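Structural features, examined
Here is how the chains run, residue by residue.
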Amino acid sequence: MLDELTAQIRESQQQVRDREQMRRDLSALRESLGRKQYEANMLEAALGELQRNIEALESLTLTSLWETITGRRQSKLDAKRDDLATVEQHLDQSTADLAGLQEQVASLEERIASLTDAEGAYRALCDEKQRLVLEQGGEAAAALTEVTGQLNAAKDHQRRIQLAIQLGEHLLERVHTMNQSLGRARNRQMGSHRLGALPAL
């Protein structure tokens, strides 16, 4: 029974570790997703700007007519169209990468959700093993009792230290408040003395 329970505890402990690792992975994926989304937004903005430039060159405006007369219109159109094709290619790749990252984030979120109670299950298994060991008695139970007592003593000591720190901080705050009050009272008293020292008109 104890061997089986120990195996379950190890498996549960591994699930807790896996869940923590997946949380870290999810955080990194979300950062990558944010950067990729920003990249896609910038490419879309560049694509729109190029499309507007091409439309302006293709339309019959004074500027486009002058570019035609000087022979620069076609070369500019060709250059803008080449840029447009390059940006479209990058945008397609960025959009595909973005979709892939979104799928990874969704999958990881689902896996993390499936292990929501991993820590609770691990604690419950440990409590059950402790109960069985104490019921069986013997050296293992004695050692467990000793270790449990030491842990409880350490926790109690830590609580007393935390309480002492809190009391010390409270006292320091009160002293600071009293010093401020004394300072204000001293300033008022000095102000009264100055007023009393003024000559009568």
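Everything numeric in this text was worked out from a predicted model, so none of it was measured. (Residues numbered from 1 in each chain as written. Predicted model: local features only at pLDDT ≥ 70, side-chain atom pairs only at ≥ 80, totals over all residues. Heavy atoms only, no water.)

1. Considering the nonpolar core
For soluble globular proteins, the rule of thumb is that nonpolar side chains tend to be buried together. Membership of the largest hydrophobic core is limited to twelve residues, which are Val 16, Met 22, Leu 26, Leu 29, Leu 33, Leu 98, Leu 101, Val 105, Leu 108, Ile 112, Leu 115 and Ala 118. Mapped by element, the contributors of at least two residues to this core are α1 (2–58) and α3 (73–114). Apart from the residues within four sequence positions on either side, Leu 115 is in contact with Gln 15, Arg 19 and Met 22. Among the nonpolar cores identified, the runner-up in size contains nine residues, and Leu 50, Ile 54, Leu 57 and Leu 77 belong to it. (Core = buried A, V, L, I, M, F, W, Y, C linked by side-chain atoms within 4.5 Å. Buried < 20%, exposed > 50% of the residue type's maximum accessible area, 1.4 Å probe, protein only. Helix = DSSP H or I, 4+ residues; strand = E, 2+ residues; numbered from the N terminus. Contact = heavy atoms within 4.5 Å.)

2. Observations regarding helix α4 (residues 118–136)
Because the α-helix completes a turn every 3.6 residues, residues three or four places apart line up on one side. A rise of 1.5 Å per residue sets the reference length of α4, with its 19 residues, at 27 Å; its end C-alpha atoms lie 27 Å apart and thus fit the reference within 8%. Within α4 the residues assigned to the buried category are Ala 118, Leu 125, Leu 132 and Val 133. Down the axis of α4, the buried side of the element spans an arc of 100°, and every buried residue falls inside it. With respect to the buried face of α4, the exposed residues turned more than 90 degrees away are Arg 123, Asp 127 and Glu 135. (Expected span 1.5 Å × (residues − 1). Arc of directions from axis to C-beta.)

3. Some details on the confidence of the model for the protein
Across the protein, pLDDT averages 81, with 83% of residues at or above 70. At the level of individual helices and strands, the protein shows its lowest average pLDDT in helix α2 (residues 62–69), which scores 62, and its highest in α3, which scores 90. (pLDDT = per-residue confidence, 0-100.)

4. Remarks on the pattern of salt bridges
Enumeration over the complete set of coordinates arrives at five salt bridges. Note that Arg 23 and Glu 20 form a salt bridge whose closest N and O atoms lie 3.1 Å from each other. With Arg 23 and Glu 20 both in helix α1, this residue pair falls three residues apart, about one helical turn. Taking the relative accessible area as the measure of exposure, Arg 23 reaches 38% and is therefore partly exposed. For Glu 20, a relative accessible area of 26% puts it in the partly exposed group. The closest approach of N and O atoms between Arg 30 and Glu 109, which form a salt bridge, is 2.6 Å. (Salt bridge = Lys/Arg side-chain N within 4 Å of Asp/Glu carboxyl O.)

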